[in-house]
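Summary of structural features
Here are the chains, one letter per residue:
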Amino acid sequence: MTDSDVTTTMFERIGGSATIEALVERFYDRMDSLPEAKIIRAMHADDLGPIRDVLKRYLTEWTGGPRLYTPEKGHPRLRQRHFGFPVGDAERDAWMLCMRGAMEETIADAAARQDLDKALSGLADWMRNRP
């Protein structure tokens, strides 16, 4: 087997479970404290604990780590699960503001951070369900 036969997942590139844990914690801390994130914070329950766990499980699997989300929740169906929430440009931008700040704080590898940002930006843009 050569090096070209081995694929490194995003999960591995960013630092695995410890990084996902820190990323999600910092993401929700930012959502809970940034005035620019009020629009998306209002969509969440007062207690962010349960949703933190869901996002950790989702991002772990989505980045190529262990399957922690689908065995419990089934197919992500992200747009369907979020359809009851108005997601437009402002909500997408607030979400990405929190995520970008969290990535800056937790992902040391600049190239991996940039690649993850690109992937998450596409996902956040796809989640829009209103102008």
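Conventions adopted
- Residues numbered from 1 in each chain as written.
- Predicted model: local features only at pLDDT ≥ 70, side-chain atom pairs only at ≥ 80, totals over all residues.
- Heavy atoms only, no water.
- Helix = DSSP H or I, 4+ residues; strand = E, 2+ residues; numbered from the N terminus.
- Buried < 20%, exposed > 50% of the residue type's maximum accessible area, 1.4 Å probe, protein only.
- Contact = heavy atoms within 4.5 Å.
- Areas by Shrake-Rupley, 256 points an atom, 1.4 Å probe, with all protein chains shown as cover.
- Phe/Tyr/Trp six-rings, centres within 6.5 Å; stacked < 30°, edge-to-face > 60°.
- Axes fitted to C-alpha atoms, helices over the stretch in contact; angles between N-to-C directions.
- Parallel < 35°, antiparallel > 145°, perpendicular 65-115°, else oblique.
- Left-handed = near helix turned anticlockwise from the far one by under 90°.
- Nonpolar A, V, L, I, M, F, W, Y, C, P; charged D, E, K, R; others polar.
- Core = buried A, V, L, I, M, F, W, Y, C linked by side-chain atoms within 4.5 Å.

**Observations concerning the overall build of the protein chain**
A tally of helices and strands in the protein chain yields eight helices and zero strands. With 131 residues in all, the protein chain has 38% of them scored as buried. Put simply, of all contacts in the protein chain between residues at least 6 apart along the chain, 69% involve residues at least 24 apart. Carbon and sulfur atoms form 53% of the exposed surface of the protein chain, whose accessible area is close to 7,700 Å².

**A closer look at the packing of aromatic side chains**
Applying the stated criterion across every chain yields a total of four aromatic pairs. Taken together, the ring pairs connect Phe27, Tyr28 and Trp95 into an aromatic cluster.

**Description of the side chain of Arg113**
Within the secondary structure, Arg113 sits in helix α8 (residues 110–126). In this structure, Arg113 is in contact with Met103, Glu104, Ile107 and Ala108, ignoring residues within four places of it in sequence.

**A closer look at the packing of helix α2 (residues 16–33) against helix α4 (residues 49–62)**
Two elements in contact, α2 and α4, have axes separated by 9 Å at closest approach and are oriented at 135 degrees. What the angle tells us is that α2 and α4 run oblique. α2 and α4 meet at a crossing whose hand is right-handed. Along the contact surface, α2 presents Ile20, Glu21, Leu23, Val24, Glu25, Phe27, Tyr28 and Asp29, while α4 presents Ile51, Arg52, Leu55, Lys56, Leu59 and Thr60. Here the residues of the contact of α2 with α4 sort into eight nonpolar, one polar and five charged.

**Observations regarding the nonpolar core**
Among the nonpolar cores identified, the biggest contains 28 residues, and Phe27, Leu59, Leu116 and Leu120 are the most heavily contacted of them. Of all the elements in the fold, those that place two or more residues in this core are α1 (10–14), α2, α4, α7 (89–106) and α8.

**Remarks on the packing of α7 against α8**
Running from amino to carboxyl end, α7 crosses α8 at an angle of 165 degrees, the nearest separation of the two axes being 10 Å. Overall, the two elements α7 and α8 adopt an arrangement that is roughly antiparallel. As for how α7 packs across α8, the hand of that crossing is right-handed. In contact with Arg92, Trp95, Met96, Met99, Arg100, Met103 and Glu104 of α7, α8 contributes Arg113, Leu116, Asp117, Leu120, Ser121, Ala124 and Asp125. Looking at the contact of α7 with α8, its residues break down into seven nonpolar, one polar and six charged.

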